[in-house]
Amino acid sequence: MKKNIFALVLTFLLAGLWAGSALAQGKTPTDDDVNAVASQLFCPVCENTPLDVCPTAACKQWRELIRLKLSEGWSETQIKEYFVAQYGARVLAEPPRQGFSWLVYIVPPILLAIGAYLVFTTLRSMRKPTPDVAQVSVGLETTVDDDDLRRVEEELKRLQ
Amino acid sequence: MFATFGYGVLLLTFLMALYSIGASLFGYFRKDQKWVESARLSMLLTFPMLSLVSASLIYLLVTGNFNVKFVYEVTNRAMPLYLKITSWWGGQAGSLLFWSWLMSAFATAVTFRKWARDREFLPWVVIVCSVTMVFFMGLSIFFENPFETFWQTMDGQIVPALFRPTNAIPFTAPDGQGLNPLLRHPGMIIHPPMLYLGFVSFVIPFAFAIAALATGRTDDRWIRITRRWALWAWLFLSLGLVLGGRWAYDVLGWGGYWGWDPVEIAAFMPWLSGTAFLHSVMIQEKRGLLKHWSMILIILTYCLVIFGTFLTRSGVLSSVHAFAQSAIGPSFFTFIFVTFVISVALLLWRWADLKSENQMTSMLSREALFLLNNLLFISILVICFWGVIFPLISELATGQKVTVGPPFYERATGPLFATLVLLMGIAPLSAWGHSTIKTLGKAVWKPLVAATLAMAGVVTYFLLNRSIINDYFPYALIGFFVVIFSAFVTLYEFWRAANARAHAQNENIFLALWRLAGRNRRRYGGYTIHLGVVLMAIGIIGIEMFQTSTQRTMKIGESMEIAGYTIRYDSLAQFEHTDGRWVTRAEVSVFRDGKFLGTLAPRYDLYPDGQPMTIPGVRSTVVDDLYVLLVNWEGVNAQVAPFKVYHNPLVNWLWFGAIIFIFGTLVAAWPDKDPESVAVSARKPRETVPAGITD
Amino acid sequence: MTETSQPVRKGVPIWIQVIVWAALAVLMVIVALGLKRSQQGTVAPGDKIPDFTLTFFDGYTYQNQPQVNLSDLRGKVVILNFWASWCKPCEEEAALLEAAWKSYEADGKVIFIGADYVDTEPEARGYLAKFGITYPNGPDLGTKISQFFRIKGVPETYFIDANGVLQYVQIGPFSSEAQIRQIIDTILAQ
């Protein structure tokens, strides 16, 4: 069942990608075309405000600039590059994947991996043999006492 | 007159809090209860005293005393009474006093609890609370004084000062500047108090944690005392976040509720660590495990509260939410530094005493899954923290400003949130102490089958409506599956227990459910919260993955289409509101399949100070929201107006889920007659407690 | 409780303690530097201004070059004005700056430069034409120059003396031409 879903997912993923690339090009750019680019850029003067929703006069100018560039046939990537050259990297919604800014993408996975490792080792070290699968105990003073057995049995009973 | 009075009482309260610290320390080291008791009584008075201070400020605000700088900055004559009162927290100086006042309410409340059983905690609880209050009152007194008044000096300059400069005469402005229009929305009126309440109420669990570390009484007594405080704190924080989201949705006019703004994240981070804390506390209580971890989490939560407040108020981060730059930065930094160092030092010092009393018996036991839950919450926290701090690091290292925006957070935290929801489904089915694949599988299969069947329905729906399928579709399917599975597990848990009780007690199923929840409020409150989260997740998937928008400039009579709706521009009116703002209000008719559904009125308000506000016209149903905005309005031509329309599927589930969520928290947190003694007497010896029988 | 019955008391290994304290220290240093930066105002008078390059809009030149380095201007008093076409207060002072420039232009001891802060070129050109600005103007590409001066907004004007040392900072618009001239004359007289 799960495999079927996965196949479906793939089909639609591909269908979606194809539909996405077939965007209309050329002609006079509509408001929607402008917004599609503007929503990926941030206002250079107001902090943390995407360009498509920013109400200031300056942002209105930038949206018109996008419209102008689109009508000149510029692509989305070219416009973004132009904005970065003009106003600095902060107009991008994410730091560019280059130089120092790589850190922003690298550090979280590393920390997450360390965290996962720590949790795993903690679990391992805290673990002791379960009543049905006797093993060599890893770690501290572990004896299976009556209380533990009783508890486990009660839980098993409850689950049945 | 009232300004001087208010300031005087504030100063007195400050001195009393200082006395509390001194007396407490003295009493603790001299082993003299008299001094500690005196410190307690002194702390008890802070709330009534700060209430007097606050009353003076409110009096000045309400009477429009524009001689006072703060009153001049946040109110004006045209504002209605309720806004004059709520403008108390509309500016830096007032909101700092508001912070202290709320904090004092908790400090005073905690002095009233029955201390008989845990006298040794008292001095340290008093010290932690008082130090926090001294700090915040100190900020009010030395840096951001809400009682400063205007003076006109000999050379005609107007200066704000507390005491009369030489040869100056009092100056009263004819009218004030008025509250920032963005802050006039009802959501904004209650959102900051809730957030602050959440912030300050985490001070109490933190105080007990520090008391436990300082006195060496590191068993789980401190957790039993504070778990309900922590639940309330968490409730307020959740409420604050939800109301903030609702405010953004209603007022900011960008079709969303959460923009991953640094200041939003600053409020979200303590919520994350607080949620992890609430879960880890359960493991500690049930199984005596992870004592270190609970301690770390509560310290982290408090530090994040202070750190978040610092980031918002010091001007280190720039954000739409940030307060104007201010002089409180360095002192705030010092306070944070001292708090961090002392907390970490205490924790390292007592590390050995916090040893687990028990062992983990199975990788699939509930405690193991809870640990995984904690890992996920902390991972999200780490991502958020890194995203907030990185622009600062980047600017320092390279001199280049960068933005870490929504795409980063969404990509990084999305899978983690999905895993959390999945875990939320599995964990309640695993037992404390011991679980195997077999036992877990036995418990899981029914909800799993039900969820799979439901997913077939979802997929069919999409196949019938192919037009809504977009790039996010696969992720949405995964999301829906996880969400539906968790929902079924939670409902199944309710049903199973209620059914068992109905049979055993011969009650009808609803009565059984009611009584069951009444007896195990924490457990079933928790499940209700999970149900709320699931519903919210549906709304979030809907709006995040299937939101569409379109923009068009229309003449009167023209119409535009979105998601099967037709929106026709009917009319436009412009008029001046009584409070001085210039309102431009459009009316549009909404149709679907040729059927008239109603009229919406998006608005564009221009305030006298030039600040614009775009208020959407929203048609809200269970299925979707139609969110119509009048955008980029320059007042050029009334016959032609630009409209932006968002189609937000399922977004109402978010708000509905939030209500369920809050309700669940209330169920879990509502006070018993004597929560602590009930908890103790009802508790069987730990080792023999089977899962799920007591709470 | 079982609290006192612990046979082993295991503290935190030293190396972990070191890591914890180091991490805390790093975080505090970052925050402290960030705080310092945010508390700092603009570049202060007395600071030596390092070199920067401004490329002009088409139609503007300095000594027939389409760009200028600050280092080329040693020996002259440099008036660096930050502005933007979307900035209303900038319009108040635009004519004053141009008038002041006219009175010093022939002399050759003073040079005015306009740096256009995050702006769109068509509007910027419109602004320059509207106020008939003749001294060289160019866009502050990537906000590099303004970030160095740590400007808080526009308009802001920086007066750099013949040795490349900042002498005066004007935040906000000038109120009169005389005000500008007075500042320049003071610097020239030194």
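Parameters at a glance
Counting restarts for each chain, with residues numbered from 1 along the sequence as it is written. Chain letters and ligand numbers both follow the written order, the letters beginning at A and the numbers at 1. Side-chain atom pairs in this predicted model are given and counted only at pLDDT of 80 or more, local residue features only at pLDDT of at least 70, and totals for whole chains, interfaces and linings cover all residues. For side-chain calculations, the full set of non-hydrogen atoms in the structure is used, while hydrogens and water are omitted. Patch members must show over 30% relative accessible area and no salt bridge, and they are joined within 9 Å when carrying like charges or within 5 Å when they are nonpolar side chains of Val, Leu, Ile, Met, Phe, Trp or Tyr. Working definition of accessibility: Shrake-Rupley area with a 1.4 Å probe, residue cover restricted to the visible protein chains. Between Lys or Arg on one side and Asp or Glu on the other, a salt bridge is scored when a side-chain nitrogen of the former is within 4 Å of a carboxyl oxygen of the latter. Each helix is a run of DSSP H or I of at least 4 residues and each strand a run of E of at least 2, with the numbering of both proceeding from the N terminus. Any two strands are treated as partners once DSSP identifies two or more bridges connecting them. Axis definition: a line fit to C-alpha positions, over the contact stretch in the case of helices; interaxial angles, taken between N-to-C directions, run 0 to 180 degrees. By definition in these notes, contact holds between two residues if any of their heavy atoms fall within 4.5 Å. Buried surface area refers to the total accessible area, computed with a probe of radius 1.4 Å, that the two partners give up upon joining, counted for both partners together. As used in this structure description, the phrase polar contact means that two N or O atoms lie within 3.5 Å; if the pair is within protein, one of them must be able to donate a hydrogen and the other to accept it, and residues adjacent in sequence are counted only when both atoms belong to side chains. Pairing of aromatic side chains here covers Phe, Tyr and the six-membered ring of Trp, requires ring centres within 6.5 Å, and sorts the geometry by plane angle: under 30 degrees stacked, over 60 edge-to-face, intermediate tilted. Here the term buried applies to any residue with accessible area under 20% of the maximum for its type, exposed to any over 50%, and partly exposed to those in between, with areas from a 1.4 Å probe on protein chains only. An angle below 35 degrees is read as roughly parallel, one above 145 as roughly antiparallel, one from 65 to 115 as roughly perpendicular, and any other as oblique. Each residue is assigned to one of three groups, with Ala, Val, Leu, Ile, Met, Phe, Trp, Tyr, Cys and Pro labelled nonpolar, Asp, Glu, Lys and Arg labelled charged, and all others, Gly among them, labelled polar. For every residue, the predictor assigns a confidence score, pLDDT, that lies between 0 and 100. Criterion for a disulfide: a pair of cysteine sulfur atoms within 2.5 Å.

## Brief notes about a nonpolar patch on the surface
On the surface, Trp102(A), Ile106(A), Ile110(A), Leu111(A), Ile114(A), Tyr117(A) and Leu118(A) cluster together into a nonpolar patch covering about 690 Å² of accessible area. With respect to the helices and strands, the residue Leu118(A) is situated in helix α5 (residues 102-126).

## Focus: the sheet that holds strand β4 (residues 110-116) of chain C
Residue and element names in this part refer to chain C. As summarised here, the arrangement of the five strands in space is β5-β4-β3-β6-β7, forming an open sheet in which the pairing is mixed. Since the sheet does not close on itself, it has two edges, and those belong to β5 (137-139) and β7 (166-171), each with one partner. Averaged over all neighbouring strand pairs, the angle between strand axes comes to 20°, with direction disregarded. In this structure, strand β3 (residues 77-83) lies alongside strand β6 (residues 156-160), joined through five bridges in antiparallel fashion. Directly across from Phe82, in β6, lies its bridge partner Glu156.

## Notes on the interface of chain C and chain A
When the parts come together, some accessible area is lost, and that loss is often what is quoted as the size of the interface. The interface of chain C with chain A comprises 14 residues on the first partner and 14 residues on the second. Each partner contributes to the roughly 1,100 Å² buried at the junction of chain C and chain A, and carbon and sulfur atoms together form 59% of this total. For chain C, the biggest contributors to the area lost against chain A are Trp86(C), Val118(C) and Thr120(C); these three give 41% of the whole. Taken together, the links from chain C to chain A amount to zero salt bridges. Remark: the boundary between chain C and chain A carries five residue pairs in polar contact (both at pLDDT 80 or more).

## Side note on the packing of aromatic side chains
Tallying each qualifying case throughout the model produces 73 aromatic pairs over all chains. Note on Phe159(C) and Tyr168(C): the rings are 5.8 Å apart at their centroids and 70° apart in plane angle, and the pair reads as edge-to-face. Residue classification places Tyr168(C) among the partly exposed positions, given a relative accessible area of 34%. Chaining the aromatic ring pairs together yields one cluster made of Trp102(A), Tyr105(A), Trp234(B), Trp258(B), Trp260(B), Phe268(B), Trp271(B), Phe377(B), Phe408(B), Tyr409(B) and Phe661(B).

## Details of the pattern of salt bridges
Two side chains with opposite charge may pair up if their charged atoms get near one another. Residue and element names in this part refer to chain B. Within the structure shown, the criterion is met by 25 salt bridges over all chains. As a salt-bridge pair, Arg496 and Glu493 come within 2.9 Å of each other at their nearest N and O atoms. In this pair, Arg496 and Glu493 are both assigned in helix α17 (residues 473-505), three residues apart and thus about one turn of the helix distant. According to the relative accessible area criterion, Arg496 is partly exposed, its value standing at 26%.

## Describing the packing of helix α7 (residues 122-143) of chain B against helix α13 (residues 329-349) of chain B
Residue and element names in this part refer to chain B. Across the interface, α7 lies against α13 with an axial gap of 11 Å and an inter-helix angle of 170°. What the angle tells us is that α7 and α13 run roughly antiparallel. Contacts between α7 and α13 involve Val131, Thr132, Phe135, Phe136, Leu139 and Phe143 on the former and, on the latter, Ser331, Phe332 and Phe335. The class makeup of the residues in the contact of α7 with α13 is seven nonpolar, two polar and no charged.

## Overview of the packing of helix α2 (residues 33-44) of chain B against helix α3 (residues 46-62) of chain B
Residue and element names in this part refer to chain B. Two numbers describe how α2 lies on α3: the axes approach to 5 Å, and their chain directions differ by 25°. As far as their axial angle goes, α3 and α2 are roughly parallel. Mapping the contact onto sequence places Ser42, Met43 and Leu44 in α2 and Thr46, Phe47 and Pro48 in α3. The residue inventory of the contact of α2 with α3, partitioned by class, reads four nonpolar, two polar and no charged.

## Brief notes about the sheet that holds strand β2 (residues 158-161) of chain B
Residues and elements named next belong to chain B. With antiparallel pairing, the three strands of this open sheet are ordered in space as β2-β1-β3. Each edge of the open sheet carries a strand with a single partner, namely β2 and β3 (169-170). Bridging between strand β1 (residues 149-152) and β2 involves four bridges; their strand directions are antiparallel. When the sheet's bridge partners are listed, Trp151 is paired in β2 with Val159.

## A word on the confidence of the model for chain C
All names here are of chain C. Mean pLDDT over chain C stands at 86; residues scoring 70 or higher make up 95%. Per-element mean pLDDT across chain C ranges from 86 in helix α4 (residues 144-149) up to 93 in β5. Considering only residues more than four positions removed or in separate chains, one finds that residues 1-7, a stretch of pLDDT under 50, has 12 contacts.

## Concerning the state of the cysteines
This structure, assessed with the given rule, holds two disulfides over all chains. The disulfide partner of Cys54(A) is Cys59(A), and the gap between their sulfur atoms is 2.2 Å. Around the S-S axis, the bridge from Cys54(A) to Cys59(A) shows a dihedral of about 75° and counts as right-handed. Look at Cys59(A) and you get buried, because its relative accessible area is 0%. Covalently, Cys87(C) is tied to Cys90(C) through a disulfide, its sulfur atoms 2.1 Å apart. Sign of the S-S torsion, about 95° for the bond between Cys87(C) and Cys90(C), identifies this disulfide as right-handed. Considered together, Cys87(C) and Cys90(C) belong to a single accessibility category, that of buried residues.

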